[in-house]
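Now for the letters of each chain:
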Amino acid sequence: MGSNSSRIGDLPKNEYLKKLSGTESVSENDPFWNQLLSFSFPAPTSSTELKLLEEATISVCRSLVENNPRTGNLGALIKVFLSRTKELKLSAECQNHIFIWQTHNALFIICCLLKVFISEMSEEELQLHFTYEEKSPGSYSSDSEDLLEELLCCLMQLITDIPLLDITYEISVEAISTMVVFLSYQLFHKEVLRQSISHKYLMRGPCLPYTSKLVKTLLYNFIRQEKPPPPGAHVFPQQSDGGGLLYGLASGVATGLWTVFTLGGVGSKAATPPELSSPLANQSLLLLLVLANLTDAPDAPNPYRQAIMSFKNTQDSSPFPSSIPHTFQINFNSLYTALCEQQTSDQATLLLYTLLHQNSNIRTYMLARTDMENLVLPILEILYHVEERNSHHVYMALIILLILTEDDGFNRSIHEVILKNITWYSERVLTEISLGSLLILVVIRTIQYNMTRTRDKYLHTNCLAALANMSAQFRSLHQYAAQRIISLFSLLSKKHNKVLEQATQSLRGSLSSNDVPLPDYAQDLNVIEEVIRMMLEIINSCLTNSLHHNPNLVYALLYKRDLFEQFRTHPSFQDIMQNIDLVITFFSSRLLQAGAELSVERVLEIIKQGVVALPKDRLKKFPELKFKYVEEEQPEEFFIPYVWSLVYNSAVGLYWNPQDIQLFTMDSD
C-alpha cells in the first residue's frame, strides 16, 4: 500500500505499512496517512490470491500487535477514518472521487487488520488495542472515548446514510464486510457465543438507535440487487506519474472476490455459488442473517431480530404498536419479487424461512398472493435437485413448504394453478399439471431419495407432515401424482416385509448364539410402521374429504389393491384401513359388474359414477391431519453455525484460514 506497492507479495516490504506497524508513532494529522491511503495493487481474483493477501497482512499485523501498545497507530488510523467519514456524505454529493477512494482504502486496511487481530486474540485484548495512545509503553486513553464503539456506530451510519452511487458502491460493500468481520469471533469458538463485547455494543448505547434503519437498508440492498458500477464508471486514475496513487481495488471488489471450501460438518455437498451479480446485495444479506441470529443479551432480546419480526408493508397504514420497538415499513411487493428471484442461494432461502416463520405480516401477505407459484416453484426446484444441495438448504426449503401447508387457503389454491412444461422435472414429461400435484411429486421424490441415501428421520417426518397438511384439500390429482403416492406406499411395504423377515431370522439366530450382538430390527420396524401409518392416514384423509375430486387416486388404489391386503388385519393399521378397504371393495364390485377388458377411460368413468353412489356416511371420520412447524429448543445451535458457514463460503473478498475455524469442521479443497 502506498506509492510503491504493485503486487500483493510486496506488501510485507512496503515502507508505508512498515511505518504503520513499526515502532514510530504517527500522529493522526501526519501527511503520512495521505501517502499510505494512496495505494495500488492488482485486485485478488482467486482464493490463492486472497490467501496471499491474508499471509501478507498477517506479517504486518503481528508487527502492529507488538508495537501498537507503544505507538497507538491503530487508534490513529481509525481516527483518520472516522474524521473522513464525517465529510463522506458531502463528498458523495460533490463527486469528490479522490476523497471517497482514500476513505475506502482506510477502511480496507482497517478490515484486513481487524480480521487478523480477531483470529489471534481475545475480544478483551482487541478492545485494549483500541485504547492505546502515543504515550509510555502500554498506556491507554483515560477519557470516556471508546473507539471500538465509535467505529461500529460509524459503520452503521455509513451503511444507512451514504447515498448509493457508482463512487460509493465499494465503500458501502467494505463497511458491511467490516461489520461482518467485527462479528466473526464466532468462527473461532466451538460453542455458540452468548456474551460478546461486539454484541453488547450493537444491542445498546449509541448503536441501538440505528437498528431498524440498518435492517431496512440491508433488506433494500437485497431487494435492489444493485450491480457494481462498470469499470468505466470509476474515475480514479489507474496510475500516476512519480509512482504515487492508485488503485485497482474498487473494480476488484466489483468482480466478486470469494473463496469456497467444502463445509464438511454442515452439508452432504458444498454448493457451488453462482457468479455474484451484486456483491452489495450478497454482503447485506449475510450481515442481516448474522445480526438476526445473534443470541439475546441477558437483560434484553436481540433488537435486530425484533426488527425483522415486526416490520410492516408500506401499504399498511395502521399505527405501530408502542410495545414493539425497532419496527419500520418496507415495500412487500418488491421484497416478495426479490425472494422469488433469488432462491438459488442458501442465504436467500434462509431469509425466506426467517421471514415466514418470524414475521406474521410477511406470512399473511405471501399467503394472500395470487401468484404463489413464483415462490413455490424455486423451492420445489431446490428439493428436486436434492443431491446437488447441502442438507441445510434442503431442510430450509422443506420447512418453508411445511409452514405454507399449515394454511388451508394455500392448500386449496395450489390445485387451481395450472403449470405447463416443467422443464427441470426430468423423470417424466409434464406438459400440464397443477402446482399442487407437482408439489406432491417433488415431496414424494425427496422421501424416496432419503430412503435410499441419507435415511434422515427428520427429513422424512417433515415431508410427510407437509403431505398430511395438504391431504384433505387434494383436488384433481394428476394421474402421475396419484401413481407416485401408491408407489411410495409400495416401496414402504416392501421395506417393511424385508425388515420383518430380517427380524425373524435374527430372532431365530439369537436362540442358537448368545454371544453375537444383534441389530435392533425392532426399532427399524417401528420407524417403518410409523411412516406406513402416516401414508395410510394421508390416503384416508384424501378419500374421506375429497373422494369425488380424485378419481385418479381411486384408480391407482384399485390398480395396486393387493398391496393393502396384508395391512387389513395388522393391529397397527386396522382402524385406518377401514375406509381404504371400503373404497377398494366398493369400486372393485362396480368394476366387476361392468365386465372384463375395460379401458382406462371406461374405468375412470365407472369411478366417477360410483363416487356419487357411495354413501358418505359409510366412511368413518378421523381427526383432521394438521402438523405445525415448531422450532426446536435452542435453535441457535443449528442456525448460528449454518449462517457462519454461509459467510465463510460466500462472503465477498474475505478469506479465513480453514485451520483456524473452530465453529464447524472444514475440509480444505
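Residues numbered from 1 in each chain as written. Predicted model: local features only at pLDDT ≥ 70, side-chain atom pairs only at ≥ 80, totals over all residues. Heavy atoms only, no water.

- In the annotation of an unreviewed UniProt entry, the entry for the protein chain reads Dymeclin, and the organism field reads Daubentonia madagascariensis.
- Listed in UniProt under the heading Sequence similarities (unreviewed entry), the comment for the protein chain reads: "Belongs to the dymeclin family." (UniProt positions renumbered as here; feature names shortened; annotations may be inferred.)

1. Quick notes on the overall build of the protein chain
Here is step 1: In terms of helices and strands, the protein chain carries 28 helices and 4 strands.
Here is step 2: Taking all 669 residues of the protein chain together, the buried fraction comes to 57%.
Here is step 3: Excluding contacts between residues fewer than 6 apart, the proportion of contacts in the protein chain whose partners are at least 24 apart in sequence is 75%. (Helix = DSSP H or I, 4+ residues; strand = E, 2+ residues; numbered from the N terminus. Buried < 20%, exposed > 50% of the residue type's maximum accessible area, 1.4 Å probe, protein only. Contact = heavy atoms within 4.5 Å.)

2. Focus on helix α14 (residues 303–310)
Here is step 1: Counted residue by residue, α14 has 6 buried out of 8 residues, so it is predominantly covered.
Here is step 2: Looking only at α14, the buried set comprises P303, Y304, R305, A307, I308 and S310.
Here is step 3: Between a side-chain oxygen at the N-terminus of α14 and the backbone nitrogen of Y304 the separation is 2.8 Å; the capping residue is N302. (Polar contact = N/O pair within 3.5 Å; in protein donor to acceptor, adjacent residues only side chain to side chain.)

3. Here we look at the pattern of salt bridges
Here is step 1: Counted by the stated rule, this structure contains 17 salt bridges.
Here is step 2: Residues R445 and E427 are paired through a salt bridge, measuring 2.6 Å at the closest nitrogen-oxygen approach. You can see R445 sitting in helix α21 (residues 435–452) and its partner E427 sitting in the loop between β3 (418–420) and β4 (432–434), a full 18 residues away along the chain.
Here is step 3: Among the charged side chains, a salt-bridge network with shared partners connects R194, E636 and E637. (Salt bridge = Lys/Arg side-chain N within 4 Å of Asp/Glu carboxyl O.)

4. Things to note about the packing of helix α16 (residues 346–358) against helix α17 (residues 360–367)
Here is step 1: Here α16 crosses α17 at 100°, and the two axes come no closer than 5 Å. By the criterion of interaxial angle, the relationship of α16 to α17 is roughly perpendicular. Each of L352, L355, L356, H357 and Q358 in α16 lies in contact with α17, whose residues at this interface are S360, I362, R363 and M366.
Here is step 2: For the contact of α16 with α17, the class distribution of residues is 5 nonpolar, 3 polar and 1 charged. (Axes fitted to C-alpha atoms, helices over the stretch in contact; angles between N-to-C directions. Parallel < 35°, antiparallel > 145°, perpendicular 65-115°, else oblique. Nonpolar A, V, L, I, M, F, W, Y, C, P; charged D, E, K, R; others polar.)

5. Brief notes about the side chain of T85
Here is step 1: Relative to the elements of secondary structure, T85 occurs in helix α4 (residues 73–85).
Here is step 2: Residue classification places T85 among the buried residues on the basis of a relative accessible area of 15%.
Here is step 3: Excluding anything up to four places from it in sequence, T85 contacts T103, C154 and L158.

6. Structural notes on helix α9 (residues 169–182)
Here is step 1: The first and last C-alpha atoms of α9 sit 20 Å apart over 14 residues, in line with the 20 Å expected at 1.5 Å per residue.
Here is step 2: Among the 14 residues in α9, 14 count as buried, and that is most of the element. (Expected span 1.5 Å × (residues − 1).)

7. Regarding the confidence of the model for the protein chain
Here is step 1: Summary statistics for the protein chain give a mean pLDDT of 85 and a share of 86% for residues scoring 70 or more.
Here is step 2: Counted against residues more than four places away or in other chains, residues 234–274, with its pLDDT under 50, gives 113 contacts. (pLDDT = per-residue confidence, 0-100.)

8. Some thoughts on unusual backbone geometry
Here is step 1: Not every positive phi belongs to a glycine, and H326 is a case in point at roughly 65°.
Here is step 2: Tracing the backbone shows H326 in the loop between β1 (312–313) and β2 (329–330).
Here is step 3: Its relative accessible area of 21% is what places H326 among the partly exposed residues.
Here is step 4: Unlike most non-glycine residues, S476 shows phi in positive territory, near 45°.
Here is step 5: Considering the arrangement of structural elements, one finds S476 in the loop between α22 (457–471) and α23 (479–512).
Here is step 6: According to the relative accessible area criterion, S476 is exposed, its value standing at 53%.

9. Observations regarding the nonpolar core
Here is step 1: Ranked by internal contacts, the top residues of the largest apolar core, which has 227 residues, are L438 and F564.
Here is step 2: Per-element tally for this core: the top contributor is helix α6 (residues 97–120), with 14 residues.
Here is step 3: If we skip the residues at most four places from it in the chain, L438 touches L377, L380, L419, I422, W424, Y425, L430 and I433. (Core = buried A, V, L, I, M, F, W, Y, C linked by side-chain atoms within 4.5 Å.)

10. A look at the environment of V173
Here is step 1: Following the sequence through the fold, V173 ends up in helix α9.
Here is step 2: Separated by 107 residues in sequence, V173 and L280 have C-alpha atoms that sit 5.3 Å apart.

11. Brief notes about the packing of aromatic side chains
Here is step 1: In this structure the tally under the stated criterion is 19 aromatic pairs.
Here is step 2: Considering the side-chain rings of F489 and F567, the 5.4 Å spacing of their centres and the 70° angle between planes classify their relative orientation as edge-to-face. Placement of the pair is F489 in helix α23 and F567 in the loop between α25 (551–559) and α26 (574–594), with a sequence separation of 78 residues.
Here is step 3: The buried category is assigned to F489, whose relative accessible area is 1%.
Here is step 4: F567 sits in the buried class, given a relative accessible area of 0%.
Here is step 5: When the centroid spacing of 5.1 Å and the interplanar angle of 85° are considered together, the rings of F586 and F587 count as edge-to-face. (Phe/Tyr/Trp six-rings, centres within 6.5 Å; stacked < 30°, edge-to-face > 60°.)

12. Points about the side chain of T178
Here is step 1: Tracing the backbone through its elements, the reader meets T178 in helix α9.
Here is step 2: Discounting residues that sit within four places of it in the chain, T178 has contacts with L107, C111, L114 and L155.

13. A look at the environment of T211
Here is step 1: The topology assignment puts T211 in helix α11 (residues 211–224).
Here is step 2: Between the C-alpha atom of T211 and that of Y304, which follows or precedes it by 93 residues, the distance is 6.1 Å.
Here is step 3: The contacts of T211, once residues within four sequence positions are left out, are P303, Y304, A307 and H326.

14. Regarding the environment of I440
Here is step 1: Along the chain, I440 turns up in helix α21.
Here is step 2: For I440, a relative accessible area of 0% corresponds to the buried category.
Here is step 3: Separated by 44 residues in the primary sequence, I440 and R484 place their C-alpha atoms 8.6 Å from one another.
Here is step 4: For I440, the residues in contact, after removing those within four places along its chain, are H415, L467, M470, F474, L477 and I485.

15. As for the packing of α4 against helix α8 (residues 147–161)
Two quantities define a packed helix pair, namely the angle between the helix axes and the distance between the axes.
Here is step 1: Following both chains from N to C, one finds α4 and α8 inclined at 35°, their axes separated by 11 Å at the closest point. The handedness of the crossing between α4 and α8 is left-handed. Residues G75, I78, K79, F81, L82 and T85 of α4 form the contact with α8, whose own contacting residues are L147, E150, L151, C154, L155 and L158.
Here is step 2: Classifying every residue of the contact of α4 with α8 gives 8 nonpolar, 2 polar and 2 charged. (Left-handed = near helix turned anticlockwise from the far one by under 90°.)

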